[in-house]
Amino acid sequence: MKYQVQSGWLSGVRRVPSPHCNSRPDDAEVDLLVIHCISLPPGQYGGSYIDEFFLGHLDIDAHPYFSEIATLQVSAHFLIDRTGRVTQYVPLNERAWHAGQSTFCGRENCNDFSIGIELEGLDTDTFTPEQYQSLAEVTVAIMETYPAIDKSRITGHSDIAPDRKLDPGPGFDWDRYHNKLDHLQRDAGED
């Protein structure tokens, strides 16, 4: 397996600890993985703006859109950029602030029991082969650590907040992701 979880952090990835997190409820079982997408400014890739946003340091003068979001306190556990590079912002045992008002299978406040992964992109765009590969590899490590998460418990932000969110959007190829995930899990089982 490419990645391993140690004390809530994934080995071998870039770490940028975000203050936008807190403890999960004592009785919370982590059993959901939520796929998101983000680009800052919208439609532009690369740069440090996502890091700055998740750290609460976004310069509102850098782009007109930033004045709309600069006061939000948002994070995710992971970001996978267009090259497939993985950045972790919040340890898995902590609650990242990625889902907002949300419901999954009748349970509200998905942040309490979920892990959030952001893909650099737009909900109207497609994603890169490198992102699918890294997403599948990170997912395998998460599933090894949290066995209650299986493919039926991996969802899009749009599915848990349908009145507010569209991501990861129609350009996200769920079949491609699931096939990569199946392949990696089969390979891991042969070791």
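Cut-off values and rules
- Residues numbered from 1 in each chain as written.
- Predicted model: local features only at pLDDT ≥ 70, side-chain atom pairs only at ≥ 80, totals over all residues.
- Heavy atoms only, no water.
- Pairing = 2+ DSSP bridges.
- Helix = DSSP H or I, 4+ residues; strand = E, 2+ residues; numbered from the N terminus.
- Contact = heavy atoms within 4.5 Å.
- Salt bridge = Lys/Arg side-chain N within 4 Å of Asp/Glu carboxyl O.
- Buried < 20%, exposed > 50% of the residue type's maximum accessible area, 1.4 Å probe, protein only.
- Disulfide = S-S within 2.5 Å.

Chemist: Would you mind going over the sheet that holds strand 6 (residues 78-80) with me for this structure?
Modeler: One key point about sheets: their strands pair by backbone hydrogen bonds, in either a parallel or an antiparallel sense. With mixed pairing, the 6 strands of this open sheet are ordered in space as 3-7-6-11-5-12. What marks the edges here is a single partner per strand, and that holds for strand 3 (14-15) and strand 12 (154-156). Bridging between strand 3 and strand 7 (residues 86-88) involves 2 bridges; their strand directions are parallel. Bridging from a neighbouring strand, R15 pairs with Q88 of strand 7.

Chemist: Help me out: how do you make sense of the side chain of D112 in this one?
Modeler: Of note, D112 is situated in the loop between strand 10 (107-108) and strand 11 (114-120). With near-sequence residues (within four places) excluded, D112 lies in contact with R24, P25, A28 and R95.

Chemist: Is there a simple way to think about the pattern of salt bridges in this case?
Modeler: If the charged atoms of two oppositely charged side chains come close together, the side chains can form a pair. A full pass over the atoms with the stated rule returns 7 salt bridges. In this structure, R14 engages D51 in a salt bridge whose closest nitrogen and oxygen atoms are separated by 2.4 Å. You can see R14 sitting in strand 3 and its partner D51 sitting in helix 1 (residues 49-55), a full 37 residues away along the chain. By relative accessible area, R14 is classed as partly exposed at 28%. Judged by its relative accessible area of 13%, D51 falls in the buried class.

Chemist: Please clarify how unusual backbone geometry should be interpreted in this entry.
Modeler: Glycine aside, a negative phi is what most residues show, and trans is what most peptide bonds show. The amide bond that connects L40 to the next residue, P41, takes the cis arrangement and shows omega of -15°. Here P41 is to be found in the loop between strand 5 (32-38) and helix 1. At the junction of D167 and P168, the peptide bond is cis and its omega measures out at 10° in the coordinates. Counting through the fold element by element, P168 comes out in the loop between helix 4 (157-160) and helix 5 (174-190). One non-glycine residue, S7, lies in positive phi territory at about 55°. Looking at the element boundaries, S7 is found in the loop between strand 1 (5-6) and strand 2 (9-10). Taking the relative accessible area as the measure of exposure, S7 reaches 70% and is therefore exposed.

Chemist: Help me out: how do you make sense of the state of the cysteines in this one?
Modeler: As used here, a disulfide is simply a covalent bond connecting the sulfur atoms of two cysteines. For the structure on display, the rule yields 0 disulfides. Between C21, a cysteine without a disulfide, and C110, which holds the nearest cysteine sulfur, the sulfur-to-sulfur distance is 18 Å. C105 provides the cysteine sulfur closest to C110, a residue in no disulfide bond, and the two sulfurs are 9.0 Å apart. With a relative accessible area of 0%, C110 lands in the buried category.

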